[in-house]
Amino acid sequence: MTQPLLSVEHLAVHFAGRGRLFSPDPPPVKAVNDVSFTIDSQRTFGLVGESGSGKSTVARAILQLVDIHDGSIHLDGDDVTRVARSAELGFRKRVQAVLQDPFSSLNQVHTTETIIGDPITRHLAIKAGDERRERVADLLDLVGLGHEFLDRYPYEMSGGQRQRISIARALAVEPDLVIADEATSALDVSIQSQVINLLREIQRERDVAFLFIAHDLEVVSHMSHDVGVMYLGYLVERGPSDDVYAQPTHPYTEMLIASIPFPEPGEQAKRRGLRQTFKVAEPPSPANLPPGCPFENRCPVAMDICREEMPAVTQAHHGGEARCHLHTSGPELGGGSVVEFIRSEARGNVGV
Amino acid sequence: MTGNSNEPLEDADLPAGTDELLEDVGHIPTPSGLSANKTDSPRRRFWRRMFKNPLGVFSMLWFLILLVAWVWPELLATHDPFKQDLTFTRLYEGPSSDHWLGTDERGRDFYSRVIHGAGFAFRSILIAMTIAVGVGVPLGMFSGWRGGRLDRAIMWVNDVFFSLPIILLAMAVIIILSPSLDNAMIGVGIAMSTRFTRLTRAVTLQEKEELYVDAARISGLSTPTVLARYIAPNLLSSLIVQAAIISGAIILIGATLSFLGIGASLDDPDWGVMLNRGRNIFRTEGIWQIVPPGAALILTVLAFNLLGDAIRDAIGRDASNNALTISKRVDIAPSDRPHRPGALLSVRTIDVEFPSPGKEPVQILNGVSLGVLPGKTLGIVGESGSGKSMTVLSALGLTPAPGRLTRGSVQFDERDVTSLSESEWQEIRGKDIGVIFQEPIAVLNPAIKVGKQLMEPLLLHTELSKAEARQRAVELLAEVKVPDPERRMDQYPHEFSGGMAQRVGIAMALACSPKLLIADEPTTALDVTVQGQILDLLMDLQKERGTSIILITHDLGVIAEVADRVIVMYAGQVVEGGLADDIFGRPRHPYTKALLDTMPQNHHGGEGDDLAVIPGVVPAPTDWPVGCRFAPRCQYATDRCREEMPVLEVLSDGVIVRCHHHEELSGEAYAGRGEVSL
Ligand SMILES: Nc1ncnc2c1ncn2[C@@H]1O[C@H](COP(=O)(O)OP(=O)(O)OP(=O)(O)O)[C@@H](O)[C@H]1O
Ligand code: SF4
Ligand code: SF4
Ligand SMILES: [Mg+2]
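A quick note: this is a predicted structure, and the numbers were derived from the prediction, not measured.

**Student:** For the overall build of chain A, give the residues involved together with the corresponding values.
**Tutor:** Broken down by element type, chain A carries 13 helices and 12 strands. Relative to its length of 352 residues, chain A is compact, with a C-alpha radius of gyration of 22 Å against a globular reference of 20 Å. Expressed as lengths along the three principal axes of its C-alpha atoms, the size of chain A is roughly 70 × 55 × 45 Å. When burial is assessed residue by residue, chain A has 59% of its 352 residues classed as buried. Contacts in chain A between residues far apart in sequence, at least 24 positions, make up 62% of those at least 6 positions apart.

**Student:** Describe helix α7 (residues 189-205) of chain A, naming the residues involved and giving the relevant values.
**Tutor:** Taking 1.5 Å of rise per residue, the 17 residues of α7 of chain A would be expected to cover 24 Å, and the 25 Å separating its terminal C-alpha atoms lies within 8% of that figure. Counting buried positions over the 17 residues of α7 of chain A gives 14, a clear majority of the element.

**Student:** Can you lay out the pairing of strand β7 (residues 516-520) of chain B for me, pointing to particular residues and giving the numbers?
**Tutor:** Residues and elements named next belong to chain B. Within β7, 4 of the 5 residues are buried, which leaves it mostly tucked inside the rest of the structure. Bridge count for strand β6 (residues 433-436) against β7 is 4 bridges, and the pairing is parallel. Considered in β7, the bridge of Val-435 is made with Ile-518. Examined bridge by bridge, β7 and strand β8 (residues 548-553) share 5 bridges and lie parallel to one another. Opposite Ile-518, over in β8, you have Ile-550 as the bridge partner. Between the parallel elements β7 and β8, the chain passes through helix α21 (residues 528-545) in a crossover that is right-handed.

**Student:** Please set out the sheet that holds β8 of chain B residue by residue, giving values where relevant.
**Tutor:** Residue and element names in this part refer to chain B. Taking strand neighbours across the sheet as the criterion, the 8 strands line up as β6-β7-β8-β3-β9-β10-β12-β11 in an open arrangement whose pairing is mixed. Two strands bound the open sheet, and with one partner strand each, they are β6 and β11 (649-650). On the sheet, helix α14 (residues 388-395) packs against β3 (377-381), β7, β8 and β9 (565-570) and is oriented at approximately 145 degrees with respect to β8. Relative to β6, helix α15 (residues 422-432) is tilted by about 70 degrees, and along the sheet it contacts β6 and β7.

**Student:** Kindly report on the site of ligand 3, identifying the contributing residues and their values.
**Tutor:** If you check the shell around ligand 3, you find 13 residues, and the closest are Cys-628, Cys-634, Cys-641, Cys-659 and His-660 of chain B. Its residues placed into classes, the shell around ligand 3 shows 10 nonpolar, 3 polar and no charged.

**Student:** Would you mind going over the packing of helix α4 (residues 112-124) of chain A against helix α6 (residues 159-171) of chain A in detail, with residue names and values included?
**Tutor:** Two quantities define a packed helix pair, namely the angle between the helix axes and the distance between the axes. Residues and elements named next belong to chain A. At a minimum axis distance of 8 Å, the contact between α4 and α6 shows a crossing angle of 25 degrees. Taken together, α4 and α6 sit at an angle that is classed as roughly parallel. Crossing hand, α4 versus α6: right-handed. When α4 is examined against α6, the residues Thr-112, Ile-115, Ile-116 and Pro-119 are found in contact with a partner set consisting of Ile-165, Ala-168 and Arg-169. For the contact of α4 with α6, the class distribution of residues is 5 nonpolar, 1 polar and 1 charged.

**Student:** I'd like a rundown of the domain arrangement of chain A, residues and numbers included.
**Tutor:** Put simply, an interface is often sized by how much accessible area is lost when its parts join up. All names here are of chain A. The domain architecture assigned to chain A consists of domain 1 (6-16 + 27-231) and domain 2 (247-350). A separation of 31 Å is found between the C-alpha centroids of domain 1 and domain 2. In this complex, domain 1 contributes 14 residues to the contact, which on the side of domain 2 involves 13 residues. With both chains or domains summed, domain 1 and domain 2 bury close to 1,200 Å², and 61% of this area falls on carbon and sulfur atoms. For Arg-298, the salt bridge identified is with Glu-50, shortest N-O distance 3.3 Å. If you list the elements that add at least two residues to the side of domain 1 that touches domain 2, you get β2 (29-39), β3 (44-49), α8 (217-223) and β9 (226-231). Looking at the side of domain 1 that touches domain 2 element by element, the count peaks at 4 residues for β2. A class-by-class count of the residues in the side of domain 1 that touches domain 2 yields 8 nonpolar, 2 polar and 4 charged.

**Student:** Tell me about the sheet that holds strand β11 (residues 313-315) of chain A, residues and numbers included.
**Tutor:** Residue and element names in this part refer to chain A. In spatial order, the strands read β6-β7-β8-β3-β9-β10-β12-β11; together these 8 strands make up an open sheet with mixed pairing. Two strands lie at the open edges of the sheet, namely β6 (95-98) and β11, each paired on one side alone. Between one strand axis and the next, the sheet turns by 20 degrees as a mean value, whatever way the strands run. Looking at chain direction, strand β10 (residues 234-240) and strand β12 (residues 321-323) are connected through 2 bridges and run antiparallel. Across the sheet, residue Glu-237 finds its bridge partner in β12, namely Ala-322. With respect to the sheet, helix α10 (residues 251-259) is in contact with β3, β9 and β10, its orientation differing from that of β9 by roughly 100 degrees.

**Student:** Mind laying out the interface of chain A and chain B, listing which residues take part and the relevant values?
**Tutor:** Facing the 67 residues of chain A at the interface are 71 residues of chain B. Joining chain A to chain B, the criterion identifies 0 salt bridges. Taken together, chain A and chain B are joined by 6 residue pairs in polar contact (both at pLDDT 80 or more). When residues of the side of chain A that touches chain B are traced back to their parent elements, those giving at least two are β6, α4, α7, α8, α10 and α11 (265-275) of chain A. The element that contributes the greatest number of residues to the side of chain A that touches chain B is α7 of chain A, accounting for 9 residues. Grouping the constituent residues of the side of chain A that touches chain B by class yields 25 nonpolar, 21 polar and 21 charged.

**Student:** Break down the pattern of salt bridges for me, with residues and values.
**Tutor:** Summed over the entire model, instances satisfying the criterion amount to 28 salt bridges over all chains. Of the charged contacts in the structure, one is a salt bridge between Asp-159 of chain B and Arg-198 of chain B, with a shortest N-O distance of 3.2 Å. Residue Asp-159 of chain B is located in helix α6 (residues 148-163), and its partner Arg-198 of chain B is located in helix α8 (residues 181-208); the two are separated by 39 residues in the primary sequence. Residue Asp-432 of chain B pairs with Lys-431 of chain B through a salt bridge whose shortest N-O separation is 3.7 Å. Relative accessible area serves as the criterion here: at 41%, Lys-431 of chain B is assigned to the partly exposed category. Through salt bridges with shared partners, a single ionic network connects Asp-76, Arg-94 and Asp-176 of chain A.

**Student:** Go over the nonpolar core, please, and point to the residues and values.
**Tutor:** Residues Leu-345, Ile-380, Leu-516, Ile-550 and Val-566 of chain B are the most contacted members of the largest nonpolar core, which totals 70 residues. Here this core gets 6 residues from one element, more than from any other, and that element is strand β2 (residues 359-372) of chain B. Ignoring any residue separated from it by four or fewer positions in sequence, one finds Leu-516 of chain B in contact with Leu-344, Leu-345, Val-372, Phe-412, Asp-432, Ile-433, Gly-434, Thr-547, Ser-548, Ile-549 and Ile-550 of chain B. Counting residues in hydrophobic clusters, the runner-up holds 68 residues, among them Val-136, Ala-183, Val-219 and Ile-260 of chain A.

**Student:** Could you give an account of the side chain of Glu-113 of chain A, naming the residues involved and the relevant values?
**Tutor:** Residue and element names in this part refer to chain A. Its place among the elements puts Glu-113 in helix α4. Given the relative accessible area of 14%, Glu-113 is considered buried. With near-sequence residues (within four places) excluded, Glu-113 lies in contact with Gly-129, Arg-132, Arg-133, Val-136, Leu-150 and Asp-151.

**Student:** Give me the lowdown on the site of ligand 2, citing residues and values where you can.
**Tutor:** By nearness alone, 13 residues border ligand 2, and Cys-293, Cys-299, Cys-306, Cys-324 and His-325 of chain A come closest of all. Counted by class, the shell around ligand 2 contains 10 nonpolar, 2 polar and 1 charged residues.

What counts and what doesn't
- Residues numbered from 1 in each chain as written.
- Chains lettered and ligands numbered in written order.
- Predicted model: local features only at pLDDT ≥ 70, side-chain atom pairs only at ≥ 80, totals over all residues.
- Heavy atoms only, no water.
- Helix = DSSP H or I, 4+ residues; strand = E, 2+ residues; numbered from the N terminus.
- Rg over C-alpha atoms; globule rule 2.2 N^0.38 Å.
- Buried < 20%, exposed > 50% of the residue type's maximum accessible area, 1.4 Å probe, protein only.
- Contact = heavy atoms within 4.5 Å.
- Expected span 1.5 Å × (residues − 1).
- Pairing = 2+ DSSP bridges.
- Right-handed = clockwise from strand over helix to strand, strands pointing away.
- Axes fitted to C-alpha atoms, helices over the stretch in contact; angles between N-to-C directions.
- Near = heavy atom within 4 Å.
- Nonpolar A, V, L, I, M, F, W, Y, C, P; charged D, E, K, R; others polar.
- Parallel < 35°, antiparallel > 145°, perpendicular 65-115°, else oblique.
- Left-handed = near helix turned anticlockwise from the far one by under 90°.
- Domains from an automatic or database assignment.
- Buried area = accessible area lost by both parts, 1.4 Å probe.
- Salt bridge = Lys/Arg side-chain N within 4 Å of Asp/Glu carboxyl O.
- Polar contact = N/O pair within 3.5 Å; in protein donor to acceptor, adjacent residues only side chain to side chain.
- Core = buried A, V, L, I, M, F, W, Y, C linked by side-chain atoms within 4.5 Å.

If you want it as structure tokens, here you go:
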């Protein structure tokens, strides 16, 4: 098998609580726990999950913006977990990012030419001047913006235009991997589809892999070859996106799918019934995780063992993995889909 | 739709002409977006504001004079400030044509000495400020950027120095080195650096969380470069303001030290020294010797503070743009359309305009009508800037200033409410209309227990006693399915997750049993799994209480879930409306159709296929086309579309649509997109 472009192994990120100078620290927030996945070159891996599930923290750990508690990150087989080592390997040139908020991810005091030109100067050693300006103009072509944008400031652009500038900046140094964290979430529906298509077109034309992060499973599975579903810092399911969508192997994934509002009243009424089998409850705090499955208090099919033991990662039929006791205890799905099981359970419970 | 499929279609039998029953509501186009003068750079705006502020102009003028006095005192001074004339009659002379402010005890020209005093003042500022900024800013940046225990340790030491009296530090330095104003200023600089450390650290802590700083780090810039190029420019404005105010303080401290005799030497033309001498002799020679240096000192300190304020105001964003102030009512041309019979809320052809300086007012709503039946849900959908929220706000007498409702009629509960006064509106809104907002947490006061906030509207709008109100609040929490409501009453908002806070928001909106509930993007800020539960709750409550709901959202999926009727808005107009099943099953307007097609849920292609897109962007209100507003983005647009604005037509099945070509486009034609040739 060939080497994956990016490989994340048993990644854990904990944020220390903020105590006073001379007092003991409160327990750490366990934002990411034991997360593993790989991304092959020119492929897209999608990461989905609700707010606070740790998606951004995974991205920030890969980008070396936060300290890693445990685990390792390899780029093309080279260990880039530590900043010092990664500097030699040109990590900063090879991994770029497009961030969520098009209004705050661009510095308001610089023009487009500087925003996109800065990384070009740094990584490709092209000083400010005609050559660099030309390169920036080419990048604007690539993201579908006119050259009049060269001298504009971010506050003179719409959200969609700013996001295109962010994409051009990420691509400026010809990276191998672009991490897009909620890159389309803040955009209007009609603009969101434009940006998604743009990203896909860029992947076809340029040799680049994506880590695509969003809270919308529909968007993520459309963008990605493989997806990972996160809940409270754990990767609860991972697999090929079409299969995960059609045959989820974790109850939380099923809940996510059932919750996506569908723009068709009849279909939506069906989903509504399914959605209502899940319990209304507050998820536990990441600073105080229960000993068992973190989804236990919302799961319609939780068993006794779920309260006591953290489920281990099991092989799933779709070739990926799931982290749920159902596959090894109780009804023993053995990696199969939870869909039929949950629906039949739900019928039993609700008496439908 | 869901839940009422077996009821008769309540609109089908309405006479045509009540067409737009449904009409529209849209997003608030941000007032700043309307008024923003895009060619005005921040720098030009800064100077424009500085020169518009009289106090700013005064302080700038005063500094211009001082600057000349400092750099080139001979230009202003009439005499050598040190030249003595010990002729007895020339001492303590009053003002004359030769000595404009008279002379001092050695016959030196007083005016020239005051002028030269500016140099001493500025020299003090220069020394103290160099140290204060040179130490404080890097230390604050380092501390804030680094974080952790080292940061806490640095700030602890900083706070200790911060709390020491400034004069004490100045004296300590004088004792270690030697008494002179310059040495004293070194001590003042150290003391003042603690102010800059605090400020810089606070800004750095905040900026470091900004996405563009992440972006800069990702692009590989080294930490010092990020600090210098990204954090520093954003720090600059607060630093300048702080520096101006601290400069004033430094002059005052310098004068105090000189006054106490431990600053400038006794011969120097320093304002503090002059004051000190004036004080010594004012019993014998009168008060005059104190006036000129005192006035110079006070004016300068004042000017520094005014300058700081002026800069702060000139940098600040227009806070007024964000505040929701309700505009005054003006003459409103009535609508020529009859109200919808039986509707709880009926809005007829309303226009809303915003003034634009020096130009024609900009119309942001154009002939919007809608109707909500009792116990039913109207969904209003559109992209940002389409006018969804503005429609609802204007209908309820809340047109945000400086916008104005210029045409249309509104009927609520059988009563014409178009031109009610604000106090009359308040009564209706508080009792009969409940509002649910997008950010539930933002609506709750973080410092007050949730239960207390829930009891407030009950105490205000009903006759309930305190105990009864509490009982009612607990019931409300239970009704919106907040687990363990008794305990939750005594918790603060931060102890609620987003979904639970939104349940509280709904409980508050329901507190006085309103007839109409307005939900403006109620689930947009929530997770998708929680969104479904909140929508379920809204529908259950509606079934139990018979409340009417207006749901504003950009998400067609949410509309499909809960709305009986739907209005689609684009660029300040209703473009299509009808029963949800009709709109989703057979959209007639190209925009509705295109919106549905762009959703990944409706993407039926394979792996490699792109999503359908709507090219271009929603135009700003100032750029709305004369013909069909959707024409520049519509794949079916013809010349007629570009020239003539289509009107809202009522179709036989009760659907309303604003498109010249809906007939040719409806039915089969849509099935194969692109096959239609017009
Ligand atoms: N700098 C930080 N200090 C302390 N806790 C943090 C920090 N950054 C994130 N967290 C916590 O870590 C957890 C995971 O956060 P993260 O931002 O990764 O979630 P997310 O899945 O990206 O959510 P969203 O969808 O809202 O972007 C959360 O509980 C969050 O509060
Ligand atoms: S481990 Fe148990 S509680 Fe967790 S998702 Fe699986 S069945 Fe539900
Ligand atoms: S009127 Fe013309 S441009 Fe407007 S929506 Fe209809 S076909 Fe398109
Ligand atoms: Mg995030």
